[in-house]
Amino acid sequence: MMTDFGREEYARLAEKRALFITGLIVILIALAGVAVTIGSAGLSVADSYIAILAGLFPGAVDLPDRMVESNAVGIVWGWRLHRVLFAVAAGFGLAIAGAVMQGVLRNPLASPFTLGIASAASCGASIAIVLGAGLLSGGLLVIGNAFLFAMLAAAAIYGMARLRGMGSETMILAGIALMYLFSAVTSLLQYLGTADKVQAVVFWMFGSLDRSSWPKLGIVTVVLAAVVPVLLWRAWDLNALAEGDETAKSLGVPVERSMAGFMLAASLVTAVIICFTGTIGFIGLVAPHITRMVIGTDHRALLPASGLVGAVLLLGADCLARTAIPGTIIPVGIMTAFLGIPFFLYLFMRRRDA
Amino acid sequence: MTRKLLLLVCCTFLLVGTAAAEAIPCDRDGNGTLTSSELAAAILDSLDARFMGGTVEAPSPVDLRDAAFIYEHWDGRALTITDSSGRATTLTRPLRRIALFNSDTLDMLRSLGLEPDRVVGVSKYVLEDPVFYPEYQGKANLGSIWSPDYEQAASIHPDAVFLYATLSESSCADIEKTLRSIDPGIRFFRFDGYRPATYAEEARTLGLLLGKEEEARRFLSFHRNVTGTVAGVVDAIPAEDRVSVYLESWHDYKSAGKGSGYDEKIELAGGRNIFGENPVEYPVVDPEAVISRNPDVIVKIVGAGELAFGGYGDDDRSSFETVCRTIGNRPVWDRISAVRDGRVHIIHSDVIGGPEYFIGTAYLAKWFYPDLFTDLDPRAVHQQYLEEFQHLDYDLDEHGTFVYPA
Amino acid sequence: MIFVLAAPAAAGSVARVIVPLPEGSGNGLEVTLTVTGIPVGGIVETIPDGYTWVGCDHPDDRTRVSGQNVAFAVIDEEAIRYRVQGPPEAGEAFTGTWEDLQTGESGVVGSDGPRNSGQAAQATVPSTPGFGYAAALAALAMICARRCGR
């Protein structure tokens, strides 16, 4: 029953979406191109790119002396490149997870962190750092614990929701309860720990990309590659869920199963990212909002577009984090927290007008 | 064509370079031992080529210098060192470009007479303390263990990176993994430099590592002199006669429990920590518990948190006095023996924690048993440490506040 | 407050003493080099014109003669003696340089101390400014915000 007018509107909207997504991709590539040249080693822009080529095609590139001396290839391939790509992947994942959660919970202020997943990961990391106890051992101790606890929180929410009915209110309440529980345990551990361990916990909780590496990037990419297509395929169900449980049911969407599936997917993506980076906040909250303001709430476009916005935001924040104070790298989680301020101010202002 | 040739040459040098890095320099027969005749031949070749117009292929100055070092200090052989984390590393070259994330180890290396130009990178805490580390102010800033600057660390091309052995092990492991992936040629060493139990052993190992065995011997005899004097007297005191001590860190009522560093030092100084059985490492205790346990001596540590004054950069003793008085003024605390007898002492964390712990322990011992340690002068020990071993021109009579009362 | 780094002492030096040989051994001089504070090093002596090399008591594998120059490899020794043939007067014309291979110092034989105090290791390091308290405060503020916000 689409009138010509409606068709025009729709075409305009579709065009807008396409432009937005294309624009984001272009910005992302440009930003990545800049990000690879940033760093305290003082490599020139040309050197950074030559180093990338030299790493891709070993032996084919003739390295000038100054690059051998500054170990440009080692720095770019051993440190910068995977960090930049990790920022893209992490931003993408966190934003999509946030968009999914906001859709499922029908609450625009929902994020992976509102449900206590971040607090749980911090708790797991604290247990590993302060008590040295955990599932995996050695270098994987903290990572394993953070992931395990994050998934435990997701499972707990699911369990509590099953008990009381899978409504968005129950999930949010359960999430807040978990958040307080895990925060309390983390605080206790910080009290018991020695100064250096507390320092380590605090720095972990800031959220940073310092700990990225090629294998970790690989793991995150694999998880994203497995989960995101499924989410995109099922994005229509999210549209239905956003209208309300009754509406969704009448549209044939298995509400309970869908909600559980979406929550699991979003939690998994979040957990696998923050177990490596620590708790990076606000990307999952801000990116979907910005995207929604531009292209509306159709999740089929909202999800990928949020992902791209998230990637741009996180990569941009990381570039700022590395350059804001010369000689030091601010943890990127602090940068993204600062991002939240103008965003919420804007929301606040808009509220007034409406 | 020239490009390919150049590539081939570069690759060959790379390969040769890598191969050479594994062999002892100037070891002509490659048997892993540098004999005096091999070294002599290398020296003569070098002198010949440089001063006598000879056309022999001479070893590079770097190789020759390294060979001289290895002959003198390592008996002409590769050295295998076991660091404080139990890891063994074999070196065929001396360390010339050292990067340290651990400032305690830096102090220890300085005590062993390490030349400052062998250090190429230090942590940001060193750079923030020009009073105590004047000669390292121009070195690269590596950040800290929890927030390392990998690019700086890589760009200074260190041949060795020193990290903590028992502090923040996960952070140290992360640093090692990342730096190794940027530059696989870096060697990693884990030393603490602040733990009484491993201090002497570490100094000895570091002396061997850096070719400073003589200096290590001298430093350790100085260290043993102090710790031995204290231990000799303290070990003879039976448990029931030990002085009871309440130790408070810079946070009010935060004491030291079982297994903590401060508890260990109280023990070394012959005291009995009234909270020594507390399972929490740094528990916040109940003021009433202190009153009821009635310690003979109270030791308060300053230097961080709200009481971040004193130390090397601060000459003002009045803040120490204020702290002392405040403790005495706590409600009902005038009933405690320590307060009544005037045995409340303030000590700065610089001399009780870290590599100067033995100076702090000497102060504690003297406060606990003034009659038994009449000859012990911790301040003279401190002055000797600064002048003779840390090579600092710092007069304790004029500068710095570390203890109160004196 | 000035806190100056007191430089460690110990510098190497090589002294030369020339003694004419007794009449019976022909027209010649005996040169004694005394090495102080150089465990491993090298010395190159230049014998002036008019003199010829006769020999020395230094081991063969540590001595090399080439024209009017002779190189000695010094390994844990304190004295090197060598003999030359020639007129007994011009003792001042002998020149030489020494090198300490451990410290990199070098100098002239016969002067008191090192002329060149050794090259520093190639430590070309950019000096980065300290980042001050701003970041620390921001970090602390962040902790508080996080703790309160959660």
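As a reminder, the structure under discussion sits directly above these lines.
Description of the structure in this document. Note that the coordinates shown come from a computational prediction; the quantities given were computed from them, not determined experimentally.

**What to know about the pairing of strand β8 (residues 243–248) of chain B**
Residues and elements named next belong to chain B.
Right, so step 1: The buried fraction of β8 amounts to six of the six residues, a majority that puts the element mostly inside the structure.
Right, so step 2: Residues V243, V245 and L247 point to one face of β8 and S244, Y246 and E248 to the other, with burial holding for every one of them.
Right, so step 3: With three bridges connecting them, β8 and strand β9 (residues 271–273) associate as parallel partners. Within the sheet, the bridge partner assigned to V243 lies in β9 and is G271.
Right, so step 4: The parallel pair β8 and β9, bridged by helix α10 (residues 261–268), forms a crossover whose chirality is right-handed.
Right, so step 5: Two elements, β8 and strand β10 (residues 297–302), share four bridges in a ladder whose sense is parallel. When the bridges of β10 are listed, Y246 appears paired with I298.

**Looking at the sheet that holds strand β6 (residues 69–75) of chain C**
Right, so step 1: Judged by pairing direction, the sheet is antiparallel, and its five strands sit side by side in the order β5-β6-β3-β8-β9 (chain C) without closing on themselves. In this open sheet, the two edge strands, each paired with only one partner strand, are β5 (63–66) and β9 (106–108) of chain C. Pairwise comparison of adjacent strand axes, ignoring direction, gives a mean angle of 15 degrees for this sheet.
Right, so step 2: Inspection of the sheet shows strand β3 (residues 40–46) of chain C paired to β6 of chain C by seven bridges, in the antiparallel sense. Note that in β6 of chain C the partner of T46 of chain C across the bridge is N69 of chain C.
Right, so step 3: Sheet strands touched by helix α2 (residues 36–51) of chain B: β3, β5, β6 and β8 (95–100) of chain C. Its angle to β6 of chain C, the strand with the most contacts, is close to 145 degrees.

**Comments concerning the interface of chain C and chain B**
Right, so step 1: With 40 residues of chain C at the interface, the matching set in chain B holds 44 residues.
Right, so step 2: Summing both partners gives a buried area of about 3500 Å² for chain C against chain B, and 62% of it is carried by carbon and sulfur.
Right, so step 3: Note that D45 of chain B and R64 of chain C form a salt bridge whose closest N and O atoms lie 2.9 Å from each other.
Right, so step 4: Across the chain C-chain B interface, the total number found is three residue pairs in polar contact (both at pLDDT 80 or more).
Right, so step 5: Mapped onto the side of chain C that touches chain B, the elements with two or more residues apiece are β3, β5, β6 and β8 of chain C.

**Brief notes about the environment of G107 of chain C**
Right, so step 1: Looking at the secondary structure, you find G107 of chain C in strand β9.
Right, so step 2: For the pair G107 of chain C and D61 of chain C, spaced 46 residues apart in sequence, the C-alpha to C-alpha distance is 24 Å.

**Notes on the packing of helix α4 (residues 72–105) of chain A against helix α12 (residues 255–277) of chain A**
How two helices sit against one another is set out by the angle between their axes and by the gap between those axes.
All names here are of chain A.
Right, so step 1: At a minimum axis distance of 9 Å, the contact between α4 and α12 shows a crossing angle of 150 degrees. Of the possible angle classes, the one that applies to α4 and α12 is roughly antiparallel. Seen along the crossing, α4 lies across α12 with a hand that is left-handed. Together, F86, A89, A90, G93, L94, A97, V100, M101 and V104 of α4 and M259, F262, M263, A266, S267, V269, T270, I273, I274, F276 and T277 of α12 make up the contact between the two elements.
Right, so step 2: Across the contact of α4 with α12, the residue classes break down as 16 nonpolar, four polar and no charged.

**So, helix α1 (residues 4–35) of chain A**
Residues and elements named next belong to chain A.
Right, so step 1: Across its 32 residues, α1 extends 46 Å between first and last C-alpha, which sits within 8% of the 46 Å expected from 1.5 Å per residue.
Right, so step 2: Listed in full, the buried residues belonging to α1 are R17, F20, L24, L28, G33 and A35.
Right, so step 3: In this fold, the buried residues of α1 make contact with α2 (45–56), α4, α13 (283–295) and α14 (299–323).

**A few points about the nonpolar core**
Right, so step 1: Membership of the largest hydrophobic core comes to 140 residues, with the highest contact counts inside it found for V100 of chain A together with L179 of chain B.
Right, so step 2: Sort the elements by how many residues they give to this core and α4 of chain A lands first, with 20 residues.
Right, so step 3: Excluding its chain neighbours within four sequence positions, the residues that come into contact with L179 of chain B are F101, Y150, A153, V161, I186 and F188 of chain B.

**Looking at the environment of S349 of chain B**
Residues and elements named next belong to chain B.
Right, so step 1: Structurally, S349 is set in helix α14 (residues 349–352).
Right, so step 2: Taking the C-alpha atoms as reference points, S349 and G310, 39 residues apart in sequence, are found 9.1 Å from one another.
Right, so step 3: Excluding its chain neighbours within four sequence positions, the residues that come into contact with S349 are W250, I301, V302 and G303.

**Some details on the pattern of salt bridges**
Right, so step 1: Following the criterion strictly, the structure yields 36 salt bridges over all chains and no others.
Right, so step 2: The partner of R28 of chain B in a salt bridge is D45 of chain B, with the nearest N and O atoms 2.6 Å apart. Of this pair, R28 of chain B sits in the loop between α1 (2–22) and α2 while D45 of chain B sits in helix α2; the two residues are 17 residues apart in sequence, bridging distant segments of the chain.
Right, so step 3: Two residues, R62 of chain C and E77 of chain C, come together in a salt bridge whose shortest N-O distance is 3.2 Å. Of this pair, R62 of chain C sits in the loop between β4 (52–56) and β5 while E77 of chain C sits in the loop between β6 and β7 (79–85), and the two are 15 residues apart along the sequence.
Right, so step 4: Exposure remark for R62 of chain C: the relative accessible area of 14% places this residue in the buried category.
Right, so step 5: E77 of chain C gets classed as buried once you look at its relative accessible area, which sits at 16%.
Right, so step 6: Overlapping salt bridges, with partners in common, bring together R80, R83, D210, D318 and R322 of chain A together with E151 of chain B in one network.

About the thresholds
Residues numbered from 1 in each chain as written. Chains lettered and ligands numbered in written order. Predicted model: local features only at pLDDT ≥ 70, side-chain atom pairs only at ≥ 80, totals over all residues. Heavy atoms only, no water. Buried < 20%, exposed > 50% of the residue type's maximum accessible area, 1.4 Å probe, protein only. Helix = DSSP H or I, 4+ residues; strand = E, 2+ residues; numbered from the N terminus. Pairing = 2+ DSSP bridges. Right-handed = clockwise from strand over helix to strand, strands pointing away. Axes fitted to C-alpha atoms, helices over the stretch in contact; angles between N-to-C directions. Contact = heavy atoms within 4.5 Å. Buried area = accessible area lost by both parts, 1.4 Å probe. Salt bridge = Lys/Arg side-chain N within 4 Å of Asp/Glu carboxyl O. Polar contact = N/O pair within 3.5 Å; in protein donor to acceptor, adjacent residues only side chain to side chain. Parallel < 35°, antiparallel > 145°, perpendicular 65-115°, else oblique. Left-handed = near helix turned anticlockwise from the far one by under 90°. Nonpolar A, V, L, I, M, F, W, Y, C, P; charged D, E, K, R; others polar. Expected span 1.5 Å × (residues − 1). Core = buried A, V, L, I, M, F, W, Y, C linked by side-chain atoms within 4.5 Å.

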